[in-house]
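Descriptive structure summary
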Amino acid sequence: MKLFSRFNKKEKEQIKANPVYGESSLVLMNDFVSSPKNMRQLQIEGYAKNPTIYRCVREIATNAARVPLYLKNAAGKEIEKHPLLDLLNRPNVMQSGKKFIDEIFTDHQTVGNAFIATSGEVRPKELWRLDPVKMEVEPGAGSVPNAYIYGKGTGYVKTFPVDRLTGKSQVLHRKTINPLNQWYGLPPLDVASVAGDLHNAGLEWNYSLLRNGGRPSGALVTSGTVSEEAINRLKEMKNSILRGSKNAGNIPVLTNGLKWESFSENAKDMDFANSLSAADRYIAMVYGVPLPLIGNDSATFNNIELAQEKLYEDTIIPLLDDFISDLNMWLVPMFDASLTLCYDLDAVPALEKKRQRLFERHKSAVDSGIITRDEARIAMGYEPKGGAADELLVNSGLIPIDMSEENTTDKNQLAKSLAASGYNVEEIKAIMQEDFGLEDAATNA
């Protein structure tokens, strides 16, 4: 029995088949798939218990959710009111648009998979986030899934089929790039897991050290013999008098020749400060979050500003590009395929200095006659005005751009400029002929 016998011959020819495996090949790449149990454990150990990972994910998700979205029509004009904008501003009865996008980015940046489901209408009235830990992708042929299954193995199971001809579904699966598996994204928490475990272990060690009065390991030493009863009393004394942060600084009184000797301090006896700093750097590197934004001690106001700008340029903007592209491919055509969803970086305070630098650079280019005002407007994201705005302008005190013999106006302007500088007619003729190869303009000065 053929895999797609339910399709007629004409429909078979239209199926979007993988060019390598073909439409009849079922591609299963399960070498690296985090099980729901593992993904939930990653969320607990990585996101819920590790302050550095938590801060990195929050920096990305909250800042991405703050960027305003808007619609453009086919002519490039912004549309101020549209049902799609209403949907994105209030995806469902429980969430605002910003909170919804925050959750989607949080899923994407923790377990590498984020799922969005529509309410099912041709023009959806609601969008819902589906827990990625409860989602399963049913592999299909030609690299197209057969279905997305929610709640498999639980009391409630919902299947969302995928159209074999178009690849469309009621569910949008957003995933990180994973060369090890085509069906699931690579969890960033998995990539950062070793550094995260090191960070967690360091925090637990410091906490344990604090509980023991901030003292390294050691031993009570005596030259004589100590009875078991005396040993038990010493243990009780240590626990009641020396152990715990409240007892830090207490002075024990030792008798019968007892003395305290600390064990030599090795790597595990240290405060893990260097290890924690190294783990911070590795985690920040995985997530693309500059160190000053995750509580670096050397952070200053100036480098925090630069770090915020770098976070947007290197991390958030590429992620937003990917997110908006997915919505333009999946959600926007449900309303109007001629529309385009965009995001507005002009409303981001962290990029204000970059906008100022961009403005000054283009203003200088316009003033120098290098580009027109319309070219500068287009480069800065504004609509062209046309007319005089599409012409090159130069300072009247400068030599005109076109010094050819056909441009009489520019010749006359040059002659007038030289005359205004105090040159007489003969001197102007000589200068224009010898220096610029121009004639017949001096008399108009």
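Residues numbered from 1 in each chain as written. Predicted model: local features only at pLDDT ≥ 70, side-chain atom pairs only at ≥ 80, totals over all residues. Heavy atoms only, no water.

Topic: the packing of helix H3 (residues 51–66) against helix H5 (residues 97–110)
Viewed as axis vectors pointing N to C, H3 and H5 meet at an angle of 145°, and their least axial separation amounts to 8 Å. Considering how the two elements wind past one another, H3 and H5 form a crossing that is right-handed. Contact with H3, carried on its side by Val-57, Arg-58, Ile-60, Ala-61, Thr-62, Ala-64 and Ala-65, involves Lys-98, Ile-101, Asp-102, Phe-105, Thr-106, Gln-109 and Thr-110 of H5 and no other residues of that element. (Axes fitted to C-alpha atoms, helices over the stretch in contact; angles between N-to-C directions. Helix = DSSP H or I, 4+ residues; strand = E, 2+ residues; numbered from the N terminus. Left-handed = near helix turned anticlockwise from the far one by under 90°. Contact = heavy atoms within 4.5 Å.)

Describing a nonpolar patch on the surface
On the surface, a cluster of nonpolar side chains totalling about 330 Å² of accessible area is made up of Val-93, Met-94 and Trp-128. Position of Trp-128 relative to the elements: it lies in strand E4 (residues 127–130). Take Trp-128: its relative accessible area is 33%, and that puts it in the partly exposed class. (Patch = residues over 30% accessible without salt bridge, like charges linked within 9 Å, V, L, I, M, F, W, Y side chains within 5 Å. Areas by Shrake-Rupley, 256 points an atom, 1.4 Å probe, with all protein chains shown as cover. Salt bridge = Lys/Arg side-chain N within 4 Å of Asp/Glu carboxyl O. Buried < 20%, exposed > 50% of the residue type's maximum accessible area, 1.4 Å probe, protein only.)

Points about the sheet that holds E4
Reading across from one edge, E4-E3-E8 is the order of the three strands in this open sheet, with antiparallel pairing throughout. The open sheet has two free edges, formed respectively by E4 and strand E8 (171–175), since each of these has just one partner strand. Neighbour-to-neighbour, the strand axes of the sheet open up by a mean angle of 25°, direction not taken into account. As judged from the five bridges shared by strand E3 (residues 113–118) and E8, these two strands associate in the antiparallel manner. Note on E8: the bridge partner recorded for Asn-113 is Lys-175. Most of the contacts of H5 go to E3, to which it runs at about 145°, and overall it touches E3, E4 and E8. (Pairing = 2+ DSSP bridges.)

Here we look at the side chain of Glu-309
Here Glu-309 is to be found in helix H10 (residues 301–330). Judged by its relative accessible area of 8%, Glu-309 falls in the buried class. If we skip the residues at most four places from it in the chain, Glu-309 touches Ala-350, Leu-351, Lys-353, Lys-354 and Arg-357.

Topic: the pattern of salt bridges
Summed over the entire model, instances satisfying the criterion amount to 14 salt bridges. Between Glu-45 and Lys-49 there is a salt bridge, and its shortest N-O distance comes to 3.7 Å. Across the pair Glu-313 and Lys-354 runs a salt bridge whose closest N-O atoms are separated by 3.0 Å. In this pair, Glu-313 is assigned in helix H10 and Lys-354 in helix H11 (residues 352–367), connecting sequence segments 41 residues apart. When salt bridges with common partners are traced through the structure, they connect Arg-40, Asp-107, Arg-129 and Asp-131 into a single cluster.

Digging into the confidence of the model for the chain
Mean pLDDT over the chain works out to 77, with 68% of the residues at or above the 70 mark. Residue range residues 1–15 is modelled with pLDDT below 50. Its contacts to residues more than four positions away, or to other chains, number 18 contacts. When the criterion is pLDDT under 50, residues 19–32 qualifies, and its contacts beyond four places in sequence or with other chains add up to 35 contacts. (pLDDT = per-residue confidence, 0-100.)

Description of the packing of aromatic side chains
The description of an aromatic ring pair uses the distance of the two centres, along with the angle that the planes make with each other. Under the criterion given, the structure shown has three aromatic pairs. Residues Tyr-47 and Tyr-54 carry aromatic rings whose centres are separated by 5.1 Å and whose planes lie at 40° to one another, so their mutual orientation is tilted. In this structure Tyr-54 comes out as partly exposed when scored by relative accessible area, which is 40%. Aromatic side chains Phe-115 and Tyr-148 sit 6.1 Å apart centroid to centroid with 70° between the ring planes, which places their arrangement in the edge-to-face category. Remark: Tyr-148 occurs in strand E6 (residues 147–150) and Phe-115 occurs in strand E3; sequence separation between them is 33 residues. Of the residues examined, Phe-115 reaches a relative accessible area of 1% and is grouped as buried. Overall, Tyr-148 belongs to the buried group, its relative accessible area being 10%. Lying across the ring of Phe-160, Lys-158 places its NZ or CZ 5.6 Å from the centre. In this arrangement the basic side chain of Arg-174 is found over the ring face of Phe-105, its NZ or CZ atom lying 6.0 Å from the centre. (Phe/Tyr/Trp six-rings, centres within 6.5 Å; stacked < 30°, edge-to-face > 60°. Lys NZ or Arg CZ within 6 Å of the ring centre and 35° of its normal.)

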